[in-house]
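# Topology and contacts: notes
Listed below, chain by chain, are the residues.
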Amino acid sequence: MSAVSTATVAAPASVSTHGARTRRLARNLDPILIIATAALVAFGLLMVYSTTRSTPHPFLYTRSQLLHIVIGVSVGIVLIAVDYRTLASASRWLYVANLGILAAVLVVGRSSLGAQRWIPLGPLGQFQPSEIAKLVIVITLAKHMADRPGPYRSVRDLLPFLGHVALPMFLIFRQPDLGTALVYGAIFAGMLYAGGARRRDLAGLAAGACLLFPVLWHLLKEYQRRRLMVFLDPSLDPLGSGYGIIQSKIAVGSGMTWGKGLFAGTQNVLQFVPEHHTDFIFSVVGEELGFAGALLLLGLFLVWLWRGVRTAAVARDRFGALAAAGIVSMVAFHVFVNVGMTVGIMPITGIPLPFISYGGSALMTMLWATALLLNIGMRHQKIRF
Amino acid sequence: MDRESFERRLVVLFAVITGLLAVLSVRLWQVQVVQGDYFSRLAEENRLRVTTLAAPRGLVIDRAGRPLVANRPAFTVALLPTEVVNPQQEIPEIARLLGIDAADVWQRFAASRGQPFQPVRLRRDVPKTVVAAVEESRMDLPGVLVQVEPVREYLYHDLAAHLLGYLGEISDADLRRLRADGYEPGELIGKAGVERVYDRYLRGRNGELRAEVDAMGRLSRTLRTIPAVAGDTLVLGIDLPMQQAAEAALGDRLGAVVAMDPATGAVEAFASHPALDPNLFSAGIPSAAWSALLRDPRQPLIDRAVQAGYPTGSVFKIVTASAALQLGLVTADTEFYDPGYYNLGGRIFHDNENESFGHLNFLNAIAVSSNVVFWTISRSVGPEHISEYAHQYGLGARTGVDLPDEIAGVVPDPAWKRRVYHQPWYAGDTLNTAVGQGYVLVTPMQAARMIAAVANGGTLVTPHIAVEIRSPSGQVIQEIAPPPAGHVPLSPQTLSVLRAGLSAVVTRGTAASIQIPGLAVAGKTGTAESAHGKPYAWFVGYAPADNPKLVVIAMVENAGYGAEFAGPIVQRVLETAFGLTPAAPPAGDPKP
């Protein structure tokens, strides 16, 4: 394979027509990944309805989420049709445009809960660039690492990649969006590990990050510091920042083994849990569908991640393989931090549960990440006839 | 890096991911299965109640700071639908206790389905004895809440009722329009008068009490309190003693009185009769009583000063005279002969009771209000010019006063008649219009603004009821001084003839009966024929005649002569305003 320097690119049979080739490629689409994604999206839609149906407009949020699914899938199909290596060649422009948009958010962004994360798009609503920026960073870092294939013999060999990620990460950190900035860290670590960085070099970078912590702590906003402190001891502030954690645990725990039944969650209806249709949607899954429903959802994520890892393994070139590994790292980190937050083992950082949380930008980003995985998998080296 | 080591690393990556998900699963098992009972119990006890803390509505005070509208604390009985155990039994019982219609309670109960945790108000301003009875039956009435909420109090009852307005529960249409501004279902909103126009200043901002309550509905701990912010204070240009004088002078008759500062347009007295006590609406009005009001032939809900148009009779001669003078068709000394009738191509127009004024000049024609003279000059002025000057005086257009649902009235001309009636304009129409009859419809507020323009030298002011908005702590937030709407192009000569004529009306003309010792009053009477009975009586005036400080107008429906029925009202308001009433009654006490 190509993650490897001795790339043997199997040229497609030149006799085949374009249409026949497209059909052949389409046959290579990973059905398990598609089914897992569809199941996750359907699950999410149901939960969004459950969490927002007792508002004055019961279908308002669900309809918006559905609209974003339609747009996300439509654009995703286009993304699948175009060879993913086109993205690699556009990498430089993507990176610059990404930085530009993230900088623009700081200037014109709309504030939500004390943070500037939104760019208003007039009648189209608003757009959260830090979501799609995650995917852009995966693509551009994969291209960067493919261009510098290593071997990476020291921390110094990793520094160009660190710089690559640090710049947008800093912009997002300033929004401030601590959670998303940490996602970048996870993407960086996952891709570098898969790409061949030595364990001791990665450990060295991690140690460096820890040394930076006091500086970062100083840069955090007051509410972010409070959230982190409250995570260590929720009883510090049971009515303020600790309130969400406590209420979320009560919601999840009271679901017990089989849950209170879909639409029957009292903590959900009572709106005890803040942000319960976005970041805390898993607490409603836990409450209404119980341990069984929670495991089912985690199982779906595991299947999805498995197919992502497999895509990385079969990719025809180093760029595709690393992009797939980056996407897997990104989604895994989201799931762990988000679910961990609702059961009190991770701090509240405000990152959504992929495919499930209400929010168009995040949902479409996840659908396009899936499209990219399908694209990479579909064009792997052995084309079945 | 070779393929094998890459795949090995992917295996490790996937193992780490699986491990993380396993950690989550173990934690979920711990929270949901092991500790499930514990958290279920917590969830059961976890009852959140969000109570709206109603903001005290802003006060309305007169120009001297005398309160006209205030608030008093009162009890509201509400229902929390989710805690009602047995509605079949409970709802008729609570309706009986509160003395309200059970069907109404059922309807509100059913409408709350979407938000079962929001209390639904059943009755505001519940008397203490009823509250005591509700408290006694508390055990049998789970979900019934007694809250303390301020109730609007109109201190002088029906005084200035149309101007002040009243409150009512927000309508669905208003709610759709205003939801973005934070209006909530069930909220009280200004429905008329300044209560409606300045609602967003007066309403303040409701607060919120988020609290956990136990299974009995008792407060166990407060989670968050957002205090209510009181509404702003509205300062009116109204002068309470003058307002009381205006209403007393109008008495039981149907009509309107407006007093206004001709320089600024600030309204100092504003009466429309009949009026209702707005306190009736403060706690919600039963629908039967409401439909009775709508059917009342005296139409007490209509604000006669801005929402109704009337023929003005001879008051309109101010317009016709302005046009004739300004066009150079007459001067003060132009001589006319008034035989008591006017012959329009064989059709005879009779003046009142065929009274003949004989030979007289134009100034005296204004003073004695000779219809024959004005019919004569109207032919040379022409309907277009009459209409043009009427519009310049602001007739036929809303004055822009800060009151809702103002009407524009009618200034007819040939084009208007063709458009509305599909009929040609006749010479008789010109004659009728010139003396404020026929199709002319003018609101009392428009008449006040017109006479103000004569008084102030031609400026068409924008009348306004409110003069200032103050914060609850008394700081001025906004001064209300709308710019003039235009300027009536009157030459100094025209103005001086007009003013001399209007002074002569009082010194030796139709309104000689309303002279006030020590105060030179100028004005014009109007007696407009009505199809519905006796004529509409008008008087529009200002004082002092040489340096006008105040205009006052009165209109009385179906009463008789302007000088006899409207003039004395203006006289009495002016006496009060200028402190010329030695035997003035004490400025009435606010009825508690």
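Residues numbered from 1 in each chain as written. Chains lettered and ligands numbered in written order. Predicted model: local features only at pLDDT ≥ 70, side-chain atom pairs only at ≥ 80, totals over all residues.

The next thing to look at is the overall build of chain A. A tally of regular secondary structure across chain A gives 15 helices and three strands. Restricting to contacts in chain A with at least 6 residues of sequence separation, those with at least 24 account for 72%. (Helix = DSSP H or I, 4+ residues; strand = E, 2+ residues; numbered from the N terminus. Contact = placed C-beta atoms within 7 Å.)

With that settled, consider the overall build of chain B. For chain B, the helix and strand inventory stands at 22 helices and 23 strands. Buried positions account for 47% of the 592 residues belonging to chain B. A sequence separation of at least 24 residues applies to 72% of the contacts in chain B between residues at least 6 apart. (Buried ≥ 20, exposed ≤ 12 C-beta atoms within 10 Å, placed from the backbone.)

With 35 residues of chain B in contact, the opposing surface of chain A contributes 45 residues. Elements with a contribution of two residues or more to the side of chain B that touches chain A: α1 (3-34), α2 (36-45) and β9 (219-226) of chain B. Element by element, the count of residues in the side of chain B that touches chain A is highest for α1(B), at 19 residues. Here the side of chain B that touches chain A is built from residues that sort into 20 nonpolar, nine polar and six charged. (Nonpolar A, V, L, I, M, F, W, Y, C, P; charged D, E, K, R; others polar.)

Residue and element names in this part refer to chain B. Where helix α13 (residues 317-326) contacts helix α20 (residues 492-507), the axes come no closer than 9 Å and their chain directions differ by 145°. Crossing of α13 against α20: the hand is right-handed. The residues of α20 that touch α13, namely those facing I318, A321, S322, L325 and Q326, are T494, V497, L498 and G501. Partitioned by chemical class, the residues of the contact of α13 with α20 number five nonpolar, four polar and no charged. (Axes fitted to C-alpha atoms, helices over the stretch in contact; angles between N-to-C directions. Left-handed = near helix turned anticlockwise from the far one by under 90°.)

This part covers the environment of A:W304. Residues and elements named next belong to chain A. Mapping W304 onto the fold places it in helix α13 (residues 281-314). Here W304 falls in the buried class, since 25 other C-beta atoms lie within 10 Å of it. Sequence-wise, W304 and I35 are 269 residues apart; in three dimensions their C-alpha atoms are separated by 9.0 Å. Setting aside its immediate chain neighbours within four residues, W304 contacts L33, A36, T37 and L40.

Right, let's talk about the sheet that holds strand β23 (residues 550-556) of chain B for a bit. All names here are of chain B. Strand order in the open sheet formed by five strands is β12-β11-β23-β22-β21, and the pairing between neighbours is antiparallel. Edge positions in the sheet fall to β12 (267-273) and β21 (522-530), since each of these pairs with one other strand and no more. For this sheet, the mean angle separating the axes of adjacent strands, direction not counted, is 5°. Pairing of strand β11 (residues 255-260) with β12 involves six bridges; the strand directions are antiparallel. By the bridge assignment for β12, A259 is matched with A269. Its contacts with the sheet place helix α10 (residues 240-250) against β11 and β12, and it is angled at close to 30° to β12. (Pairing = 2+ DSSP bridges.)

What follows deals with the pairing of strand β18 (residues 466-470) of chain B. Residues and elements named next belong to chain B. Within β18, four of the five residues are buried, leaving the element largely enclosed by the surrounding structure. Sheet topology note: the strand β10 (residues 233-236)/β18 ladder contains four bridges and is antiparallel. Pairing of V235 across the sheet is with E468, part of β18. One ladder, built from three bridges, connects β18 with strand β19 (residues 476-479); its direction is antiparallel. Looking at β19, one finds that I469 is bridged to Q478. Hairpin connection of β18 to β19: five residues between the antiparallel strands, including G474 at a positive phi of 100°.

Moving on, we come to α1(B). In a regular helix each residue adds 1.5 Å, so 32 residues correspond to 46 Å; α1(B) covers 45 Å between its end C-alpha atoms and thus fits that length. All of the buried residues along α1(B) are B:F6, B:R9, B:L10, B:L13, B:F14, B:I17, B:L21, B:L24, B:L28, B:V31 and B:Q32. (Expected span 1.5 Å × (residues − 1).)

Turning our eyes to something else, we now look at the nonpolar core. Considering soluble globular proteins, one finds that nonpolar side chains tend to be buried as a cluster. With 128 residues, the main nonpolar core has B:V257, B:V258, B:A259, B:I451, B:V551, B:I553 and B:V573 as its most contacted residues. The leading source of residues in this core is helix α19 (residues 444-456) of chain B, at nine residues. Counting residues in hydrophobic clusters, the runner-up holds 114 residues, among them A:L302, A:V328, A:F336 and A:I348. (Core = buried A, V, L, I, M, F, W, Y, C linked by C-beta atoms within 7 Å.)

What follows covers the packing of helix α8 (residues 178-194) of chain A against helix α14 (residues 318-342) of chain A. Each packed pair of helices is defined by two parameters, the angle between the axes and the distance between the axes. All names here are of chain A. Relative orientation of the contacting elements α8 and α14 amounts to 135°, with a least axis distance of 8 Å. Our classification of the angle between α8 and α14 gives oblique. Like other packed secondary-structure pairs, α8 and α14 cross with a definite hand, here right-handed. Every residue of α14 that contacts α8 at G179, V183, A186, I187, G190, M191 and A194 is listed here: L322, A325, G326, V328, S329, M330, F333, H334 and V337. When its residues are assigned to classes, the contact of α8 with α14 shows eleven nonpolar, five polar and no charged. (Parallel < 35°, antiparallel > 145°, perpendicular 65-115°, else oblique.)

Moving on, we get to unusual backbone geometry. Residue and element names in this part refer to chain B. The peptide bond linking H273 to P274 adopts the cis configuration, its omega dihedral lying at 5°. In this structure, P274 sits in the loop between β12 and α11 (279-282). Omega for the bond connecting A543 with P544 falls within 30 degrees of zero, at -15°, which places this linkage in the cis form. Phi at S369 takes a positive value of approximately 60°, unusual for a residue other than glycine. Within the secondary structure, S369 is located in the loop between α14 (362-368) and α15 (371-381). The buried category is assigned to S369, around which 27 C-beta atoms lie within 10 Å.

Moving on, we come to the confidence of the model for chain A. On average, residues of chain A carry a pLDDT of 83, and 82% of them reach 70 or more. Taken as a whole, residues 1-15 of chain A scores under 50 in pLDDT and shows 21 contacts with residues more than four places along the chain or in a different chain. (pLDDT = per-residue confidence, 0-100.)

What follows concerns α13(A). All names here are of chain A. For α13, with 34 residues, the first-to-last C-alpha span of 34 Å runs short of the 50 Å given by 1.5 Å per residue. Where α13 bends most, the angle comes to about 125°, and this point is L289. Of all the 34 residues making up α13, 26 are buried; the element is thus mostly covered by neighbouring parts of the structure. (Bend = angle between axes of the 7 residues up to and from the residue.)

All names here are of chain A. With respect to the helices and strands, the residue I32 is situated in helix α2 (residues 31-52). C-beta crowding within 10 Å serves as the criterion here: with 12 such atoms nearby, I32 is assigned to the exposed category. Distance in space between the C-alpha atoms of I32 and W306 is 9.8 Å, their sequence separation being 274 residues. With sequence-adjacent residues up to four places away left out, I32 is seen in contact with V303 and R307.

Counting buried positions along β12(B) yields seven of seven residues, so the element is predominantly enclosed. The hairpin turn running from β11(B) into β12(B), its antiparallel successor, is six residues long, and B:G265 in that turn takes a positive phi close to 85°.

All right, on to the confidence of the model for chain B then. Confidence in the prediction for chain B averages 89 pLDDT; 94% of positions are at 70 or higher. Of the two predicted TM-score estimates for the complex, the pTM is 0.63 and the ipTM is 0.90.

Right, let's get into the environment of A:S74. Residues and elements named next belong to chain A. Here S74 shows up in helix α3 (residues 60-81). Under the C-beta neighbour-count criterion, S74 is labelled exposed, with 11 such atoms within 10 Å. Measuring from C-alpha to C-alpha, the distance between S74 and W368 comes to 9.7 Å, with 294 residues separating the pair along the chain.

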